[in-house]
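Residue-level listing of the chains:
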Amino acid sequence: MSEDARRQERIPVLQMVVVGLIASALGIAAGLSIDWFPERASTQAGPIDHLYDVLIWSSVPVFVLVAIIVLFSVWKFRMRPGEERLDGPPIHGNTRLEVIWTAIPAIVLVALCSYAWVVLTDIEAAQPDEMRINVTGQQFAWTFEYPQADGKPVKSNQLYLAENQPVRFFVKALDVIHDFWVPAFRMKVDAVPGIETKYRVTPNRLGTYPVVCAELCGLGHSVMRSSAHVVTPAAFKAWLAERKAPAGGGGSGGDGKPDGKALFTDGNGTATACGSCHTLADAGTTSTTGPDLDKELAGKDASFIRDSIVKPDDEITPGFQSGIMPKNYGDTLSPDELDALVTYVGKVAGK
Ligand code: CUA
């Protein structure tokens with residue numbers, strides 16, 4: 001009996017199958033027990049999570065099979081002392097084996113793709129009474145635009161949605177490729193300059209969820225974040241009405257002047273809060289993503305502060321990069337809000 005035949009004879013197929021079954025069961029149990037995703041906040045999230053579980057069920061055994069054969073072969077057919085110069089027997093292929101290992105993965109793949117296609121088609125089916133929201137990505141901010149009957153859209157840096165109101169997002173990019181993603185909704189799509197991409201979501205859980213840019217788009221990629229607020233239909237209506245009402249006037253809900261400090265720490269419902277990137281002792285914020293305003297704006301006049309907000313790239317603090325601070329605060333803050341912010345920062349910076 002040749003050396004090669006002798007070794008083949010001893011392949012412990014039964015033991016490998018038993019080990020494989022146990023390892024697959026453990027792998028599947030581990031895969032399913034891990035909490036991969038955040039809470040589900042849309043009708044699309046359930047089917048996506050289920051799809052993911054099915055993929056775990058079907059891919060873990062494949063991984064285990066490949067890993068066991070590789071590990072077994074490394075051990076069984078390793079080079080022993082005295083075999084350094086031996087070449088293995090020539091291999092001329094095995095048609096039956098090749099047909100089997102091509103056909104089985106092909107069948108598994110086609111089945112999984114068909115299932116995924118059915119799920120994705122189903123969750124993206126058109127809904128009655130869809131609301132359109134235009135999403136624009138730019139370095140490094142999101143703008144959400146709500147078309148209105150009077151032709152004057154409501155713009156916001158924060159995403160507001162009504163619970164159970166189907167939404168269709170129309171996504172654009174102004175500069176480079178971004179990716180509009182709300183993990184709690186599970187859906188995402190690239191924002192690509194020159195084309196419009198779309199997807200549908202029906203938020204079904206009240207709460208505030210992160211909006212993330214999921215495509216590396218430059219130095220500010222990691223701060224290109226916002227929040228999706230899923231509110232009751234009544235609260236959504238009120239928010240929309242409030243954003244519409246000022247028509248170039250204040251953003252404080254109509255009574256008196258906007259509060260500069262509140263704008264700095266909380267934003268205004270459409271614009272992101274300055275304090276999420278900047279340090280300012282009076283506001284109690286300590287982030288170092290952008291320049292320390294106590295250092296950089298102390299003693300500066302109002303027009304310098306205003307330009308720093310509206311045209312952030314005209315003058316860059318040494319040690320920081322241009323193009324990271326969003327350039328659209330001139331749009332998303334009302335004139336009154338901008339005044340309030342400039343006055344507040346001018347008064348407290350460095351104090
Ligand atoms: Cu925009 Cu990453």
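Along each chain, numbering runs from 1 in the same order as the chain's sequence is written. For this predicted model, a pLDDT threshold of at least 70 governs which residues receive local features, and a threshold of 80 or more governs which side-chain atom pairs are given and counted, while totals over whole chains, interfaces and linings are taken from all residues. The side-chain quantities take in all heavy atoms of the structure and omit both hydrogens and water.

Remarks on the confidence of the model for the protein chain
For step 1, the next point in the chain: Confidence along the protein chain averages 86 in pLDDT terms, with 93% of residues attaining 70 or more.
For step 2, the next point in the chain: Summary of the metric used: pLDDT quantifies the predictor's per-residue confidence within the range 0 to 100. Note on definitions: a residue-residue contact is assigned when non-hydrogen atoms from the two residues lie within 4.5 Å. Here residues 247-254 scores under 50 on pLDDT; set against residues more than four positions off or in separate chains, the count is 14 contacts.

Concerning the pairing of strand S4 (residues 159-162)
For step 1, the next point in the chain: Relative accessibility under 20% of the residue-type maximum defines a buried residue, over 50% an exposed one, and the middle range a partly exposed one, all with a 1.4 Å probe and only protein chains included. To qualify as a helix, a DSSP run of H or I must reach at least 4 residues; to qualify as a strand, a run of E must reach at least 2; elements of each kind are numbered from the N terminus. Side chains Leu-159 and Leu-161 project from S4 onto one buried face, and the interleaved Tyr-160 and Ala-162 project onto a second face that is buried too.
For step 2, the next point in the chain: Criterion used throughout: strands pair if DSSP finds at least two bridges between them. With four bridges joining them, S4 and strand S10 (residues 225-231) adopt parallel strand pairing. Paired with Tyr-160 across the two strands is His-229, which belongs to S10.

A look at the environment of Asp-175
For step 1, the next point in the chain: The topology assignment puts Asp-175 in the loop between strand S5 (167-173) and strand S6 (178-181).
For step 2, the next point in the chain: Classification of Asp-175 as partly exposed rests on a relative accessible area of 31%.
For step 3, the next point in the chain: Residues Asp-175 and Gln-138, spaced 37 residues apart in sequence, show a C-alpha to C-alpha distance of 5.9 Å.
For step 4, the next point in the chain: For Asp-175, the contacting residues outside a window of four places in its chain are Gly-137, Gln-138, Gln-139 and Pro-193.
For step 5, the next point in the chain: A polar side-chain atom of Asp-175 sits 2.8 Å from the main-chain amide nitrogen of Gln-139.
For step 6, the next point in the chain: A polar contact is formed between the side chain of Asp-175 and the side chain of His-178, at a distance of 2.8 Å. Two N or O atoms form a polar contact when they lie within 3.5 Å of each other; inside protein one atom must be a possible hydrogen donor and the other a possible acceptor, and for residues adjacent in sequence the pair counts only when both atoms belong to side chains.

Structural notes on the packing of helix H2 (residues 13-33) against helix H3 (residues 45-76)
For step 1, the next point in the chain: Axis angles are defined between N-to-C directions and span 0 to 180 degrees, where every axis is a line fitted to C-alpha atoms and, for a helix, only to the segment in contact. Where H2 contacts H3, the axes come no closer than 9 Å and their chain directions differ by 140 degrees. Looking at the two axes, H2 sits oblique to H3. Along this stretch, H2 crosses H3, giving a crossing that reads as right-handed. Each of Met-16, Val-19, Gly-20, Ala-23, Ser-24, Gly-27, Ile-28, Gly-31 and Leu-32 in H2 lies in contact with H3, whose residues at this interface are Asp-53, Ile-56, Trp-57, Val-60, Pro-61, Val-64, Ile-68, Ile-69 and Phe-72.
For step 2, the next point in the chain: Lys, Arg, Asp and Glu make up the charged group, whereas Ala, Val, Leu, Ile, Met, Phe, Trp, Tyr, Cys and Pro make up the nonpolar group; the residues left over, Gly among them, are polar. Here the residues of the contact of H2 with H3 are counted per class, giving 13 nonpolar, four polar and one charged. Convention used here: angles under 35 degrees read as roughly parallel, angles over 145 as roughly antiparallel, angles from 65 to 115 as roughly perpendicular, and any remaining angle as oblique. Crossing handedness is defined as follows: a turn of the near helix away from the far one that is anticlockwise and smaller than a right angle gives a left-handed crossing, while the clockwise case is right-handed.

Examining the side chain of His-278
For step 1, the next point in the chain: Looking at the secondary structure, you find His-278 in the loop between helix H6 (260-266) and strand S11 (279-280).
For step 2, the next point in the chain: On the basis of relative accessibility, which here comes to 11%, the residue His-278 falls in the buried class.
For step 3, the next point in the chain: Engagement of the side chain of His-278 in a polar contact is seen with the backbone oxygen of Pro-291, the distance being 2.8 Å.
For step 4, the next point in the chain: Aside from chain neighbours lying at most four places away, what touches His-278 is Phe-264, Thr-285, Thr-286, Ser-287, Gly-290, Pro-291, Leu-293 and Met-325.

Some details on H2
For step 1, the next point in the chain: For H2, spanning 21 residues, the distance from its first C-alpha to its last is 30 Å, which sits close to the expected 30 Å at 1.5 Å a residue.
For step 2, the next point in the chain: Taken residue by residue, H2 has Met-16, Gly-20, Ser-24, Ile-28 and Gly-31 as its buried positions. Buried residues of H2, viewed axially, fall in a sector of 95 degrees; they line one side. Residues of H2 that are exposed and angled more than 90 degrees away from the buried face: Leu-14, Gln-15, Leu-21, Ile-22, Leu-26 and Ser-33.
For step 3, the next point in the chain: Buried residues in H2 make contact with H3. Each residue after the first adds 1.5 Å to the expected span of a helix. Taking the helix axis as origin, the arc is that swept by the directions to the C-beta atoms.

Some remarks on the pairing of strand S8 (residues 197-201)
Within a regular beta strand, the side chains point alternately toward one face of the sheet and then the other, so they alternate between its two faces.
For step 1, the next point in the chain: With four of its five residues buried, S8 lies for the most part within the structure.
For step 2, the next point in the chain: When S5 meets S8, the two strands line up antiparallel, connected through five bridges. Bridging from a neighbouring strand, Arg-168 pairs with Arg-200 of S8.

Observations concerning the sheet that holds S4
For step 1, the next point in the chain: The five strands are arranged S4-S10-S9-S6-S7 in an open sheet whose pairing can be described as mixed. In this open sheet, the two edge strands, each paired with only one partner strand, are S4 and strand S7 (188-191). Adjacent strand axes in the sheet meet at a mean angle of 25 degrees, parallel and antiparallel pairs treated alike.
For step 2, the next point in the chain: Judged from the two bridges that link them, S6 and strand S9 (residues 207-213) form a sheet pairing that is antiparallel. Bridged to Phe-180 within S9 is Cys-213.

A short note on the nonpolar core
For step 1, the next point in the chain: Buried residues of nine kinds, namely Ala, Val, Leu, Ile, Met, Phe, Trp, Tyr and Cys, make up a nonpolar core once their side-chain atoms join them within 4.5 Å. Ile-133, Phe-144, Tyr-146, Leu-159, Phe-169, Phe-180 and Phe-236 are the most contacted members of the largest nonpolar core, which has 40 residues in total.
For step 2, the next point in the chain: The contacts of Phe-180, once residues within four sequence positions are left out, are Val-135, Trp-142, Phe-144, Leu-159, Phe-169, Val-171, Met-187, Lys-188, Val-189, Tyr-199, Val-211 and Val-212.
For step 3, the next point in the chain: Among the nonpolar cores identified, the runner-up in size contains 18 residues, and Leu-263, Phe-264, Ala-340 and Val-342 belong to it.

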